[in-house]
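Given next are the chains, with one letter for each unit.
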Amino acid sequence: MILEFLKKYKIVFFRVAGILMLLIGFVVHFWLTPKEAYTQNELAALNVARMEAQVSGGSGSSRSKKAQPDTSKYIEELKNAQAKQMKYLTIIAMIFGVGFLGYSFIKKKED
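Here the structure is a predicted model, which means the values were calculated and not measured.

Conventions we followed
- Residues numbered from 1 in each chain as written.
- Predicted model: local features only at pLDDT ≥ 70, side-chain atom pairs only at ≥ 80, totals over all residues.
- Heavy atoms only, no water.
- Helix = DSSP H or I, 4+ residues; strand = E, 2+ residues; numbered from the N terminus.
- Buried < 20%, exposed > 50% of the residue type's maximum accessible area, 1.4 Å probe, protein only.
- Areas by Shrake-Rupley, 256 points an atom, 1.4 Å probe, with all protein chains shown as cover.
- Phe/Tyr/Trp six-rings, centres within 6.5 Å; stacked < 30°, edge-to-face > 60°.
- Expected span 1.5 Å × (residues − 1).
- Contact = heavy atoms within 4.5 Å.
- Polar contact = N/O pair within 3.5 Å; in protein donor to acceptor, adjacent residues only side chain to side chain.

1. Observations regarding the overall build of the protein
When helices and strands are counted, the protein shows five helices and zero strands. For the protein, the sequential pattern of α-helices and β-strands runs α-α-α-α-α. Here the protein holds 111 residues, and the buried ones make up 9% of them. About 10400 Å² of surface is accessible on the protein, with carbon and sulfur atoms providing 66% of the total.

Below, the structure is given as structure tokens:
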């Protein structure tokens, strides 16, 4: 009974899965792409943060800076690795979507 239902609506399932995978791929791709430019408010906030860091850094001792390990390289590498993973996952989702849609439109011989 379930097999008959799946055989009967196999093309619909493939088309829905293909459209869903393509939609997910495009949404995730465009949602995760970084902004190219900063707004004026973001630039002003960055400048204020830079000035505050200079003021607070000038009165502190230089020994406390050397005691803390620099983890910014590791955090940056982690962010880059996560960005690559999301990029590959969106590409794979789009390929599967196109594959499902293409397979659903192929005419098969009826035995």
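Having seen it, we continue.
2. As for the packing of aromatic side chains
Evaluated as defined, the whole model comprises six aromatic pairs. Aromatic side chains F5 and F13 sit 6.1 Å apart centroid to centroid with 65° between the ring planes, which places their arrangement in the edge-to-face category. Judged by relative accessible area, which is 40%, F13 ranks as partly exposed. A centroid spacing of 6.3 Å and a plane angle of 10° characterise the contact between F26 and F30, whose relative ring orientation is stacked. Remark: F30 and F26 occur in helix α2 (residues 10–32); sequence separation between them is four residues, near one turn of the helix. For F26, a relative accessible area of 41% translates into the label partly exposed. In textbook terms, an aromatic cluster arises when at least three aromatic residues are bridged by ring pairs, as seen for F14, F96, F100 and Y103.

3. Let's talk about α2
Along its 23 residues, α2 runs 33 Å from first to last C-alpha, staying within 8% of the 33 Å computed at 1.5 Å per residue. All of the buried residues in α2 are G18, L22, G25 and V28. Buried positions along α2 lie against α5 (72–105).

4. A closer look at the side chain of T90
One can find T90 in helix α5. For T90, a relative accessible area of 8% puts it in the buried group. Only 2.7 Å separates the side chain of T90 from the backbone oxygen of K87, close enough to count as a polar contact. Leaving out residues up to four positions away in the same chain, T90 has contacts with G25, V28 and H29.

5. Digging into the environment of M21
Relative to the helices and strands, M21 resides in helix α2. Residues in contact with M21, not counting those within four places in the same chain, are A93, F96, G97 and F100.

6. Quick notes on the side chain of S104
Among the secondary structure elements, S104 is positioned in helix α5. Side-chain polar atoms of S104 contact the backbone oxygen of L101, separated by 2.8 Å. Beyond its immediate chain neighbours, meaning those up to four positions away, S104 contacts I11, F14 and R15.

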